[in-house]
Amino acid sequence: MSWFEGLCGTVAAQHPSRQLLLAALLVSAILLTLGALGRGLSRSKLEAERWVIHTFQIKDQLMDLDARMGEIEGDTRGYVLTGDPAFLKTFDQVQVRIASQTAALQRLTADNPRQSDRVDALAQLLTHRIEIARRNVSLRREQGMEAALEFIATGEGRRTMEAIQAAIEELAAAEDDLLQDRLKALQARNGQVAAAFWSLLVLLGASFLAGLYLFQRYLNIQRSTSALREAAQAQALAQLERCVADRTEKLKQASDQLRLVDFSVRNASTGMVWLAEDGCILRANPAYYEMVGLAEAQVVGSSFPFVISRNARAAWPGYWQQLRQRKAMHFEAALDHASGRPVPVVFDLKMMEFDGREYAFGFLRDVSEQKRLEEYHRFFEISPDFMCIAGFDGYFKKLNSTWEKILGFTPEELKARPFLEFIHPDDQAATRDVAGQLSAQTHSLRDFRNRYRAKNGDYRWLQWSAIPVPEHQLIYAVAVDATEARRAEEEKAQLNRSLQERNEELRASMEELEAFTYSVSHDLRAPLRHVDGFSRILEDELSSQLPEEARHYLERIRDGARQMGALVDDLLNLSRIGRKPLDLQLTRLDSLVNDALRELAPAVSGRAIEWRVGDLPFVECDPALMRQVFTNLLSNAAKYSRPRNPALIEVGMLSSESGPVVFVRDNGVGFSMKYADKLFGIFQRLHRQEDFEGTGVGLATVQRIIKRHGGRVWAQAELDRGATFFFTVGGSLGDEIPSFTAGGAHA
Amino acid sequence: MPDPLEILLVEDDPADLELTLHALQNENIANRIHVARDGEEALDFLFCRGKYADRSNELLPSLVLLDLKLPKVDGMEVLRAIRAHSATRMIPVVILTSSREERDLITGYAEGANTFIQKPVDFDRFRQTVRQLGLYWLVAVLPPRQSLAETQP
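All of these numbers come straight from a predicted model, not from anything done at the bench.

(A) Fine view of the overall build of chain A. In terms of regular secondary structure, chain A is built from 20 helices and 17 strands. Counting only residues that meet the buried cut, chain A has 38% of its 747 residues in that class. When contacts within chain A are restricted to residue pairs at least 6 apart in sequence, long-range pairs at least 24 apart make up 59% of them. A total accessible area of about 42,800 Å² is found for chain A, and carbon and sulfur atoms account for 55% of it.

Here you go:
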């Protein structure tokens, strides 16, 4: 079986598809063979059938013959019996029939000589019988029934019939045997064929299985290849899908980006504007509309210069030209807001080509904030004071230019070291404390002074205001150069000290003066008292002995003493006014006038005086001193109006622009305004002592008191017509004498 | 019973003294006047010590006319001393002085002076004042002296 193995090997070595092909070929071959065999089988089956049919045909014919013969016999008999021609109706037909059948038989058995012979034999018999039958018939016809019956009785017919039947049987049997033989032969052949068929079928099966196996393998390979292909396909598909997804993603991203861009343009805080070639606004973004305070409808389509500030409008054509030439422009101009206020804007314009058309695209940035910040920044930088930002960590963070200008250190130098190092050693502790406090609190520092070292070694005084910002750990501070101020202060302090010394001296002098005054009031009066006293005693006790002259002189002595006493009293009073602190109370001047009048009453008793006291205001004053004022003025008024009958003395109030003015008016002898400036001088008198007594201190006292109240006193008079004294309390009138809204200076 | 002592006049200036005595005499005031020339003498007299150690302490003046400017012991001191001692506390004291200083006035009254009078330069007025004083303190006003004598054991 080595060839088989060899064959198998060869086959096995083939490519699966070829193997399969071979297998297929084999199968086909087998199938063809099987088919042939099958056909063979079926043919033999057909043949068998044919023979069977053949045999049956023969037998059928035979039987039919038999039947016919029987018919004939029957008919003959019938005729014979009946003589009815009806029985002979079919006689000829049958005869013909038999003939044809016989012919058929002969034909059918032509292939077998023995059978043919038998058929021939049979045919003869048949013919014989038929002849008999005829004879019968003719006998009957011709001779009648008996003849016929006789003839029949001979039995020739029967014997022939029996021979026919035997021949038929023989034929049939022979035919059956032949059939059997043929069938057997066929069967044997069939068996072979069947065996071959079945073995081939088995082989077919085997090869079919092999084929299936191969097919399986092929399929596997195919499957794997197809799996590979599928995988590859799947991969490719997946890749394609990825590609598509990727592309879709990219598209989405692009779309998103576009939407983002659009969104951004809409929501940007910078203004954007697109201009056409002719300078008309194609599109702008909401930030732009806001900037100019107009709606989209008003802006789009309008010519760009339309919304530039009127001031800049003239410059626009130039800018536009430059833009088209240079393709990009950057400049600052002002846009007019719809409300009219200008908006400082930085323009960034660029020409670009898109889809074959030229456009100008611009960014417009509102720089008002920036300008403001610039202002602040400039302010910080150029401020002549020291401005700085320092950290809680003790270092300068930011300094303006003043530091370098005045101290000579650069900002870098100042920032490199803790700021305490630049401070005078004596001030460092205090500065440290203050800085520490600032770090801990949130309220500001004011008017803190320390000394900073300049580069040349000098120290300058700085006076600080600072505020901490704890969230940023910073201190914002500004200092003024207080060196000069400090110098001035020191000078002032020096002056103050010397002033104080002077004051001390003055006070000492005043105290001395007071002590002096005090003792004067005792010591001066005492001798005066003595002079007066003893003169009086002298007068009293020795008046009878004294001549007229002596008495006169004594009077003079007494007068002198009294006069001096009055003077001393007045002087003391005057001096006291200057020293005593003002006891200010809200006082009704009327009450003071009444007090003064009461005091005067004894001096003016018996005289006809018409007092007119008007409403006087409440003023803040020292009542005791103010009472003196009225006492003095009223006693003066009374004194100098002594010649009048009645004397008219009026006290009242006038309104002026600068406040109320009190006046005391009399219709006395008055004085000449020529000497008005002497009026308030100490010891200055405008009348003779013998006419009108007085020390000349009264008005000086009044003036001193009024001055101490911050007021002014002045007088207006006319010789022999009377005098009016005016004064104010509090407020300052300067050097002007106010005009009055009612009343004149002097009635 | 010895003559009642009416007035203790404390005055250092001789001229003032003479004038005052003159005024007092002229006005018919009881003539029991004791004069002390300075504060120390006044106190010695009142408290029966020093020069007057052997004076009977029952004899206390009904009125003290006190000048302020005194040598040795100042008038205000004398006043304080008078007011400090229960024996003399209730004696009416009239300050009779040249000074019209507010300071003295206030202190005088604060220290317990009954009256404060400025000696006027005009003698007529002085006489009038003294007369009024006498009439007032010695005649019109009930002295505390009697009640003192009564209450004292």
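(B) Molecular detail of the interface of chain B and chain A. Each side of the interface is counted separately: chain B has 22 residues, and chain A has 23 residues. Summing both partners gives a buried area of about 2,100 Å² for chain B against chain A, and 51% of it is carried by carbon and sulfur. The three residues of chain B that bury the most area against chain A are Lys69, Glu101 and Val121 of chain B, which together make up 29% of that side's buried surface. Along the contact surface separating chain B from chain A lie six salt bridges. In this structure, the salt-bridge partner of Asp124 of chain B is Arg558 of chain A, at a minimum N-O distance of 3.4 Å. Residue assignment for the side of chain B that touches chain A shows that the elements contributing at least two residues are helix H1 (14–26), helix H4 (102–111) and helix H5 (123–140) of chain B. When residues of the side of chain B that touches chain A are assigned to their parent elements, the largest contribution, five residues, is made by H1 of chain B.

(C) Main features of unusual backbone geometry. All names here are of chain A. For the peptide bond that leads from Asn645 to Pro646, omega is 0°, which places it in the cis range. Tracing the sequence through the fold places Pro646 in the loop between helix H19 (623–640) and strand E14 (647–656). A positive phi is found at Asp720, a non-glycine position, where the angle reads about 70°. Residue placement: Asp720 occurs in the loop between strand E16 (713–718) and strand E17 (722–727).

(D) Quick peek at the pairing of strand E6 (residues 386–391) of chain A. Residues and elements named next belong to chain A. A large share of E6 lies buried, amounting to six of its six residues. Residues Phe386, Cys388 and Ala390 point to one face of E6 and Met387, Ile389 and Gly391 to the other, with burial holding for every one of them. Pairing of E6 with strand E10 (residues 474–481) involves six bridges; the strand directions are antiparallel. Bridged to Ala390 within E10 is Ile475. Relative to strand E7 (residues 396–399), E6 runs antiparallel, the two sharing three bridges. Pairing of Ala390 across the sheet is with Phe396, part of E7. Taking the residues between adjacent antiparallel strands as the criterion, E6 and E7 are bridged by four residues, where Gly394 takes a positive phi near 95°.

(E) Quick look at the packing of aromatic side chains. All names here are of chain A. Evaluation of the coordinates by the stated rule reveals 21 aromatic pairs over all chains. Where Phe331 meets Phe347, the ring centres are 4.7 Å apart and the plane angle is 10°; that geometry is what we call stacked. On the criterion of sequence distance, the pair formed by Phe331 in strand E3 (residues 328–336) and Phe347 in strand E4 (residues 342–354) is long-range, its members being 16 residues apart. A single burial state applies to Phe331 and to Phe347, both of which are buried. Taking 5.1 Å as the distance between ring centres and 70° as the angle between the ring planes, the aromatic pair formed by Phe409 and Phe422 counts as edge-to-face. A residue pair is termed long-range when its members are at least 10 positions apart, and Phe409 in the loop between helix H12 (401–407) and helix H13 (411–416) and Phe422 in the loop between H13 and helix H14 (425–440) qualify at 13 residues. An aromatic cluster of three or more residues is present, and its members are Phe386, Phe396, Trp403, Phe419, Tyr452 and Trp464. Across the ring face of Tyr79, the terminal group of Arg140 is positioned such that the distance to the ring centre comes to 5.6 Å.

(F) Looking closely at the nonpolar core. Residues and elements named next belong to chain A. Residues Leu589, Met626, Phe630, Leu634, Phe725 and Phe727 are the most contacted members of the largest nonpolar core, which totals 39 residues. Put simply, the parts of the chain that give this core at least two residues each are helix H18 (589–604), strand E13 (618–621), H19, E14, strand E15 (659–666), helix H20 (698–708), E16 and E17. The element contributing the most residues to this core is H19, with eight residues. With residues up to four places along the chain from it excluded, the contact list for Phe727 reads Met626, Val629, Phe630, Leu633, Val661, Val662, Ile706, Arg712, Val713 and Trp714. Ranked by size, the runner-up nonpolar core spans 25 residues in total, among them Phe419, Leu420, Leu445 and Ala466.

Cut-offs applied
- Residues numbered from 1 in each chain as written.
- Chains lettered and ligands numbered in written order.
- Predicted model: local features only at pLDDT ≥ 70, side-chain atom pairs only at ≥ 80, totals over all residues.
- Heavy atoms only, no water.
- Helix = DSSP H or I, 4+ residues; strand = E, 2+ residues; numbered from the N terminus.
- Buried < 20%, exposed > 50% of the residue type's maximum accessible area, 1.4 Å probe, protein only.
- Contact = heavy atoms within 4.5 Å.
- Areas by Shrake-Rupley, 256 points an atom, 1.4 Å probe, with all protein chains shown as cover.
- Buried area = accessible area lost by both parts, 1.4 Å probe.
- Salt bridge = Lys/Arg side-chain N within 4 Å of Asp/Glu carboxyl O.
- Pairing = 2+ DSSP bridges.
- Phe/Tyr/Trp six-rings, centres within 6.5 Å; stacked < 30°, edge-to-face > 60°.
- Lys NZ or Arg CZ within 6 Å of the ring centre and 35° of its normal.
- Core = buried A, V, L, I, M, F, W, Y, C linked by side-chain atoms within 4.5 Å.

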